[in-house]
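Each chain, letter by letter, is given below.
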Amino acid sequence: MNSLILLALALGGACADPDSYYAGLNVSSPETARTSLHSLIEGHTRLPYTSATQLDVWTVLEITDEDPTDATRIIDVYRNQSLLKIDRDYQREHSWPASYGFPNDVSTNYPYTDLHHLHLADGSYNASRGNLPFDWCASVCDERPTEVTNGIGGGTGAYPGNSNWRASDRWEVWKERRGDIARGLLYMDVRYEGGSHPVTGVAEPDLILTNERSLIVTSGGSNAAVAYMGMLSVLIEWHELDPPDLRDQARNEGACAAQGNRNPSSTILSLWSAFLRAAVGRRSLRQASSTTLAKNERAVVSLSRRPQLALKVEWFHTASSMPRPTTQRYSRL
Ligand SMILES: [Ca+2]
Ligand SMILES: [Ca+2]
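Conventions we followed
Residues numbered from 1 in each chain as written. Chains lettered and ligands numbered in written order. Predicted model: local features only at pLDDT ≥ 70, side-chain atom pairs only at ≥ 80, totals over all residues. Helix = DSSP H or I, 4+ residues; strand = E, 2+ residues; numbered from the N terminus. Buried ≥ 20, exposed ≤ 12 C-beta atoms within 10 Å, placed from the backbone. Contact = placed C-beta atoms within 7 Å. Arc of directions from axis to C-beta. pLDDT = per-residue confidence, 0-100. Axes fitted to C-alpha atoms, helices over the stretch in contact; angles between N-to-C directions. Parallel < 35°, antiparallel > 145°, perpendicular 65-115°, else oblique. Left-handed = near helix turned anticlockwise from the far one by under 90°. Nonpolar A, V, L, I, M, F, W, Y, C, P; charged D, E, K, R; others polar. Pairing = 2+ DSSP bridges. Core = buried A, V, L, I, M, F, W, Y, C linked by C-beta atoms within 7 Å.

Chemist: What exactly am I supposed to notice about the overall build of the protein here?
Modeler: Check the secondary structure of the protein and you find 9 helices and 13 strands. The buried share among the 333 residues of the protein stands at 45%. Residue pairs at least 24 apart in sequence account for 61% of intrachain contacts in the protein once pairs closer than 6 positions are excluded.

Right, dumping it as structure tokens:
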């Protein structure tokens, strides 16, 4: 029995049954879907970032990011190395940089230790990424190659290959992990909507994904009321190009077992994609008038509840590369 299952069995609770977890979802409109999703995923239990006596972020990440072929090792997110846990020669990467909205490791800071957006990362790559927004990096970029681990990664010299790419204003995640990163940030946008934690009453920031670079600024001192990260259109694209797989599911289950809430983007792919395009994108457009969605795409979403939690989603692409109108139907994974 692997470490993740042991952790889930030990902690159980809200994570035992996804259908029950999402039973309160109201999909009557994209807006109510967003609001009800937020209600379902807010109020999680905060783990300490580092603790000698309690379950902490280190322990859970070393389970969720475990090398599936060797339980004594982890695989780091950007360099794709398999590294021994006992050496702990890696760092904890805030994919939503803590400097954008929640800078300090204090006991009242929920996003700082939120497992859904934390990954284990090679220290030099973590430093190179810094707090750069995520974006495509097709020209004038430096390569940060991956290593071959379990048959994926490796190779250098040609864009995009299997490499991460960096410029002074952007970081492009390599192809196997770009969806993983995107889903963490998409979760953060919906999880943190301002207001206060429903159990502890602690004030929380409103974290918002945007395409407007001028909004993405560091926040000193304590948590910001509102903070931005991007690029929204790219992250939605990455989520769809690199959909959830067994690693994402393991991460979701492990994080939920530990802190008590799920990342819907790893569970309800179809709803999440359509919902983001319609609700997150639309809201972001209202807040930043110069923001545009990627590639002329416009979502028209129809969500309906079939028996149980099965969801039907249709949307019409207006991208020039696709027939129009095109209807795609998805069911819940
Ligand atoms: Ca992936
Ligand atoms: Ca938000």
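Chemist: Which parts of the structure should I look at to understand helix 4 (residues 57-64)?
Modeler: Since one α-helical turn is 3.6 residues long, residues separated by three or four positions face the same way. Among all positions of helix 4, only Val57, Val60, Leu61, Ile63 and Thr64 are buried. The arc enclosing the buried residues of helix 4, seen along the axis, measures out at 160 degrees, which places them on a common side.

Chemist: Honestly, unusual backbone geometry in this entry has me stumped. Any pointers?
Modeler: Across the chain, the bulk of peptide bonds are trans and the bulk of non-glycine residues have phi less than zero. Here the amide bond leading from tyrosine 159 into proline 160 is cis, since omega sits at -10 degrees, within 30 degrees of zero. Among the structural elements, proline 160 can be located in the loop between strand 6 (142-144) and strand 7 (164-167). Between glycine 230 and methionine 231 the backbone carries a cis peptide bond, its omega angle lying at 5 degrees. Positive phi values are uncommon outside glycine, yet arginine 88 reaches one of about 45 degrees. Classification of arginine 88 by C-beta neighbours within 10 Å gives exposed; the count is 12.

Chemist: I keep staring at the confidence of the model for the protein and nothing clicks. Help me out?
Modeler: Caution applies to low-pLDDT parts of the model: their predicted coordinates are not meant to be read in detail. Of the residues in the protein, 74% have a pLDDT of 70 or more, and the chain-wide mean is 78. Long-range and interchain partners of residues 278-333, a stretch whose pLDDT sits below 50, account for 96 contacts in this model, where long-range means more than four residues apart.

Chemist: Please clarify how the packing of helix 4 against helix 8 (residues 246-259) should be interpreted in this entry.
Modeler: Relative placement of two packed helices is described by the angle separating their axes and the distance separating the axes. For the pair helix 4 and helix 8, the least separation of the axes is 9 Å and the interaxial angle reads 155 degrees. In terms of their interaxial angle, helix 4 and helix 8 are classed as roughly antiparallel. Seen from above, helix 4 lies across helix 8 with right-handed handedness. For the pair helix 4 and helix 8, the contacting residues are Val60, Ile63 and Thr64 in the first and Ala250, Arg251, Gly254, Ala255 and Ala258 in the second. For the contact of helix 4 with helix 8, the class distribution of residues is 5 nonpolar, 2 polar and 1 charged.

Chemist: Would you mind going over the sheet that holds strand 1 (residues 66-67) with me for this structure?
Modeler: Working definition: the strands of a sheet are paired by backbone hydrogen bonds and lie parallel or antiparallel to each other. Taken together, 3 strands build an open sheet; the order of strands is 1-2-3 and the sheet is antiparallel. Edge strands, defined here as strands with exactly one partner in the open sheet, are strand 1 and strand 3 (82-84). Note: strand 2 (residues 70-75) against strand 3, 3 bridges, orientation antiparallel. The residue bridging arginine 73 from the neighbouring strand is leucine 84, located in strand 3.

Chemist: I would appreciate a short explanation of the nonpolar core in the present structure.
Modeler: One broad trend across soluble globular proteins is that nonpolar side chains are buried collectively. Grouped together as the largest cluster of nonpolar side chains are 32 residues, with contacts concentrated most on Phe134, Leu185, Leu207, Met229 and Leu235. Here the element with the most residues in this core is helix 6 (residues 178-191); it accounts for 7 residues. Setting aside its immediate chain neighbours within four residues, leucine 207 contacts Trp96, Gly101, Pro111, Met188, Asp189, Tyr192, Ala227 and Met229. Among the nonpolar cores identified, the runner-up in size contains 21 residues, and Val57, Ile74, Tyr78 and Ala258 belong to it.

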